[in-house]
Amino acid sequence: MVEPLSGQAIYVVLLRELKRYWRAKARVISSVAQSIFFLAIFGLGLGDFIGRVGSIGYLSYMAPGVIGMGLLFGSVFSGVSIIFDRQFGFMKEMLVAPVSRTSIIIGKIFGGATTATIQGIILMAVAGVMGAFVPSLTFLAGAFAAIGAMLLITAGFVGLGVAIGSTLNDFHAFQLLSTFVMWPMFMLSGVFFPIDMAPMPLQVAMLCDPMFYGVELLRWCLLGTGADLLGPLGWLISLAVVIAFDAFMVALGTYLFSRTQI
Amino acid sequence: MRGLNRINTIEVKALTKIFDKDVKAVDGISFNVKEGEILGFLGPNGAGKTTTLNMLSTLLRPTSGTATINGHDILTEPDAVRRSIGYVFQDTTLDIDLTGNENLDFHGRLYGLDRNARQQRIKELLELVQLSDRADDLVKTYSGGMKRRLEIARGLLHHPKVLFLDEPTLGLDPQTRRSIWEHIQRLNQEKNVTIILTTHYTEEADYLCTRILIIDFGRIVALDTPDNLKARLKGDVVTLLFKNPAAIEKFRPLLENKNWVHRINVVTSDNNYAAMSRMMQNMPTMTGNMDIGGTMPEMNSRTIGVQKKLRKLSQQKSERSAADKDVQIGGETCAKCLNLLVDSGGHRIPEIVKLADEAGVVLESVELRKPTLDDVFLSVTGRNIREEKGSIVDMVRRHRIMQQARGRQIRD
């Protein structure tokens, strides 16, 4: 069934996400701090030991991956938060309103993607201050491209979160989700080591990780380079995979949400 | 009577919900609600009240049957139905991380109200529920009563024709409950909103509702005005409390063959009975002619708003009464009482007492009163509405229904 979309409903769900994000300062601070620890401790600590990855310094190499981590966790959790909405009853308020489920979920995805991207922009600035990027006009253009890429990357992961949140019913699932879905995705995304150096089985696993393409895309935007394995058109391949992932996850999330339980 | 010539705002036809093929949560109910009426669904937990509301609000698809709300069919025009209704759920559905104002604004936008309409109605409704000064505070700082008032205001924001209130005063203290009742009445009169509320508080139904629908095991067992329901029970209710609960079964057969006894029920004494009993123990012991007329002070929520004249009668008719006095004052109230519906109760009490004496049964107290909705409920269902226990089979069945209703897939 094709449900009519309501702009007002999409907007208001998005607005709610933004307000809640803005007020949950502790959450924002802790996730930004977490990323800073990664950059500072791994980037600076391992940086001297590892030296350079291809033509770029290790801190610069890691930065897009750490930004990606913020995007990944922020967006999946924002999607999964529909479990809380259901638990605390607010979901009923939305479901009994004369708006389609699709509008609600599109609003949720826009909202989650926006808040996660705001987080990504903060991380990008932090990494820049730490010296991960060379300031130039080219970089500035790349940074704007990166913001667009962030929105695309996060939309799919909010969809994933919604799909998971519509299927699982309790808070304990969070721990499992974190251990078995998000951390492997994060670690296989090529944040710490380039895919070109990895052994074959690991390369296969990385190629199956949607986040890998997200990080590749960010790296192309921010550093102008990517994995040798994907070749010079790596950014295009990554962009295509990210968009395909978005389409699939938004559809799956909407479908699973539409048959959700009170 | 109010609303006699008005149109039917709600028409329900053979509405049925069966969970997992064999559990009938709602079993073919049909009724109409006229414009401006307040209809109360009265019934114990698991009777099918919330399931019915969920079907009427299009959250749950009926197994069979249908209903129209404001002329729109719940099966074929769910969006039009949703526009016509406001639903205040049993558990809070506010976003506690937003302010009161934001919760209302959010709702207004969901229902497609433009900025001017939102601002004006929000201001008006916040005044109606007396929350204007707290509008910009986060809802997490509100008390239970304030949250409930905010939810009622929110349910009205889009000017629904029909408002569903699921247990509007559950868990609230008597004072707050009273104020919620006043709000409900005021908006029913000022806005001419048709209201269906569910409750298992009989005094709430009595105070608020134009008509009461008593529902049990998913079936309608009675549907009438509170006065008519009470008038159905001819006579008076006499409640006998025994020193020894075992005496009930001994005494009951003696009453069963009396033609002036219309009905006998064994009921579990609830807190109210216990409270009454304790009050009576503190009164001077009456002997001889034991008629004390008078109005009970308002003891608790049960009596608030229901101006009932309670005639209290205390009776210690045994020879041992003087000796027993100390024991009685410190004694425990009986867990079960006999609830009789008798003709001209005042005149029958001496006879009942005499029968008890002859049988050697010690009565702890005798209470005489006019029938209340509690008695109506007892007479149509055979159970006390406050009786949580009931038979094991009932309990298991109710538990299953509630479990299933909670984990139910709602319609796409």
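Residues numbered from 1 in each chain as written. Chains lettered and ligands numbered in written order. Predicted model: local features only at pLDDT ≥ 70, side-chain atom pairs only at ≥ 80, totals over all residues.

### What about the overall build of chain B?
Selection rule: Note on conventions: DSSP H or I runs of at least 4 residues are helices, E runs of at least 2 residues are strands, and numbering of each starts at the N terminus. Exposure in this text rests on C-beta crowding, where 20 or more other C-beta atoms within 10 Å of a residue's own make it buried, 12 or fewer make it exposed, and counts in between make it partly exposed. The C-beta atoms are placed from the backbone. A residue pair is marked as a contact if its C-beta atoms, positioned from the backbone, fall within 7 Å.
Within chain B, the regular secondary structure consists of 14 helices and 16 strands. Looking at chain B as a whole, 43% of its 412 residues qualify as buried. Once local pairs closer than 6 in sequence are excluded, the contacts in chain B between residues at least 24 apart make up 77%.

### Details of the overall build of chain A
Counting secondary structure elements, chain A contains 11 helices and 2 strands. Mapped from its N terminus to its C terminus, chain A presents α and β elements in the order α-α-β-β-α-α-α-α-α-α-α-α-α. Taken over the C-alpha atoms alone, chain A extends approximately 55 × 35 × 35 Å along its principal axes. A burial count over chain A gives 48% of its 262 residues as buried. Nonlocal contacts in chain A, meaning residues at least 24 apart in sequence, comprise 82% of its contacts between residues at least 6 apart.

### Some remarks on the confidence of the model for chain B
Residue and element names in this part refer to chain B. Operational definition: For every residue, the predictor reports its confidence as pLDDT, a number between 0 and 100.
Mean pLDDT for chain B: 77, with 76% of residues reaching 70 or above. Contacts for the low-pLDDT stretch residues 408-412, under 50 throughout, to residues beyond four places or in other chains number 16 contacts. Complex prediction metrics read pTM 0.73 and ipTM 0.82.

### A short note on the sheet that holds strand β3 (residues 38-42) of chain B
Residues and elements named next belong to chain B. What counts is decided by this rule: A strand pair is defined by DSSP finding two or more bridges across the two strands. For helices, the axis comes from a line fit to the C-alpha atoms of the stretch in contact; other axes are also lines fit to C-alpha atoms, and the angle between any two N-to-C directions lies between 0 and 180 degrees.
With respect to topology, 6 strands assemble into an open sheet ordered β6-β7-β8-β3-β9-β10, the strand pairing being mixed. Here the strands that pair on one side only, and so sit at the sheet edges, are β6 (85-88) and β10 (219-224). Averaged over all pairs of adjacent strands, the angle between their axes in this sheet comes to 15 degrees, without regard to strand direction. For strand β7 (residues 162-166) and strand β8 (residues 194-199), the ladder comprises 5 bridges, and the chain directions are parallel. Within β8, the residue paired with D166 across the bridge is T198.

### Some points on the pairing of strand β2 (residues 23-34) of chain B
As paired elements, strand β1 (residues 8-19) of chain B and β2(B) share 8 bridges and run antiparallel to each other. Across the sheet, the residue bridging to B:F19 is B:V23, located in β2(B).

### Topic: the packing of helix α6 (residues 101-129) of chain A against helix α7 (residues 137-167) of chain A
Residues and elements named next belong to chain A. Applicable threshold: An angle below 35 degrees is read as roughly parallel, one above 145 as roughly antiparallel, one from 65 to 115 as roughly perpendicular, and any other as oblique. Crossing chirality is assigned from the near helix's rotation relative to the far helix, an anticlockwise turn below a right angle marking it left-handed and a clockwise turn marking it right-handed. Classification used: nonpolar for Ala, Val, Leu, Ile, Met, Phe, Trp, Tyr, Cys and Pro, charged for Asp, Glu, Lys and Arg, polar for all others including Gly.
Contact geometry of α6 with α7 gives a least axis separation of 8 Å together with a crossing angle of 135 degrees. The orientation of α6 relative to α7 falls into the category oblique. Pair α6 / α7 crosses with right-handed handedness. Residues I105, K108, I109, G112, A113, A116, T117, G120, I121 and M124 of α6 form the contact with α7, whose own contacting residues are A143, A146, I147, M150, L151, T154, A155, V158, G159, G161 and V162. Tallied by class, residues from the contact of α6 with α7 come to 14 nonpolar, 6 polar and 1 charged.

### A closer look at the interface of chain A and chain B
The partner chain B presents 24 residues to the 22 residues of chain A that form the contact. Going through the elements one at a time, α1 (7-23) and α5 (90-95) of chain A are the ones with two or more residues in the side of chain A that touches chain B. Examining the composition of the side of chain A that touches chain B, we find that 7 residues originate from one element, α1(A), more than from any other. Tallied by class, the residues present in the side of chain A that touches chain B amount to 11 nonpolar, 4 polar and 7 charged.

### Observations regarding the environment of A:K92
All names here are of chain A. Looking at the secondary structure, you find K92 in helix α5. The class of K92 is buried, set by 22 C-beta atoms lying within 10 Å. With 43 residues separating them in the primary sequence, K92 and P135 have C-alpha atoms 49 Å apart.

### What to know about the nonpolar core
As a reminder, the rule being used: Buried Ala, Val, Leu, Ile, Met, Phe, Trp, Tyr and Cys residues whose C-beta atoms connect them within 7 Å together make up a nonpolar core.
With 150 residues, the main nonpolar core has A:L72, A:A127 and B:F164 as its most contacted residues. Per-element accounting of this core gives the leading share, 14 residues, to helix α3 (residues 58-80) of chain A. When near neighbours in sequence (up to four residues on either side) are disregarded, A:A127 contacts A:L39, A:A63, A:V66, A:I67, A:A132 and A:F133. Counting 18 residues, the second-largest nonpolar core is a separate cluster that includes B:A247, B:L255, B:L340 and B:I349.

### Things to note about the environment of B:V267
Residue and element names in this part refer to chain B. Position of V267 among the secondary structure elements: in strand β12 (residues 261-268). Accessibility expressed as a C-beta count within 10 Å gives 18 for V267, which makes it partly exposed. Put simply, V267 and N384 are 117 residues apart on the chain and 6.3 Å apart in space, counted from C-alpha to C-alpha.

### Considering the pairing of strand β11 (residues 236-242) of chain B
Residue and element names in this part refer to chain B. Among the 7 residues of β11, 7 are classified as buried, and the element is accordingly described as predominantly covered. The two faces of β11 match: D236, V238, L240 and F242 on one face and V237, T239 and L241 on the other face are all buried. Where β11 lies against strand β15 (residues 336-342), 6 bridges are found, and the strand directions are antiparallel. Residue V237 lies in a different strand from β15, and its bridge partner there is L341. Where β11 meets strand β16 (residues 363-369), 6 bridges bridge the pair, whose relative direction is antiparallel. Bridge pairing links V238 to L368 in β16.

### Considering the packing of α6(A) against helix α11 (residues 234-258) of chain A
The relative placement of two packed helices comes down to the angle between their axes together with the axis-to-axis distance. Residue and element names in this part refer to chain A. Here α6 crosses α11 at 130 degrees, and the two axes come no closer than 10 Å. Relative to α11, α6 is oriented oblique. Here α6 runs over α11; the crossing is right-handed. Taken together, the residues of α11 that come into contact with α6 (itself represented by R101, T102, I105 and I109) are V250, G253, T254, F257 and S258. A class-by-class count of the residues in the contact of α6 with α11 yields 4 nonpolar, 4 polar and 1 charged.

### A closer look at unusual backbone geometry
Residue and element names in this part refer to chain B. Of note, A14 is a non-glycine position whose phi angle comes to about 50 degrees, a positive value. Looking at the element boundaries, A14 is found in strand β1. For A14, a count of 13 C-beta atoms within 10 Å gives the class partly exposed. Non-glycine residue F217 carries a positive phi angle of around 50 degrees. Summarising the element assignment, F217 is placed in the loop between β9 (211-216) and β10.

### Looking at the confidence of the model for chain A
Confidence along chain A averages 89 in pLDDT terms, with 98% of residues attaining 70 or more. Model confidence for chain A, summarised as mean pLDDT per element, is weakest for strand β1 (residues 52-53) of chain A at 82 and strongest for helix α10 (residues 210-223) of chain A at 95.

### With respect to the sheet that holds strand β4 (residues 64-69) of chain B
The strand order β2-β1-β4-β5 (chain B) describes an open sheet built from 4 strands, whose pairing is antiparallel. Of all the strands in the sheet, just β2 and β5 (72-73) of chain B have a single pairing partner and so form its edges.

### Details of α11(A)
Residue and element names in this part refer to chain A. Note the following rule: To estimate how far a helix should extend, the number of its residues minus one is multiplied by 1.5 Å.
Under the 1.5 Å per step criterion, the end-to-end length of α11 is 36 Å for 25 residues, consistent within 8% with the ideal 36 Å. What α11 keeps buried is the set W235, S238, V242, F245, D246, M249, V250, G253, T254 and F257. Elements in contact with the buried residues of α11: α3, α6, α7 and α10.

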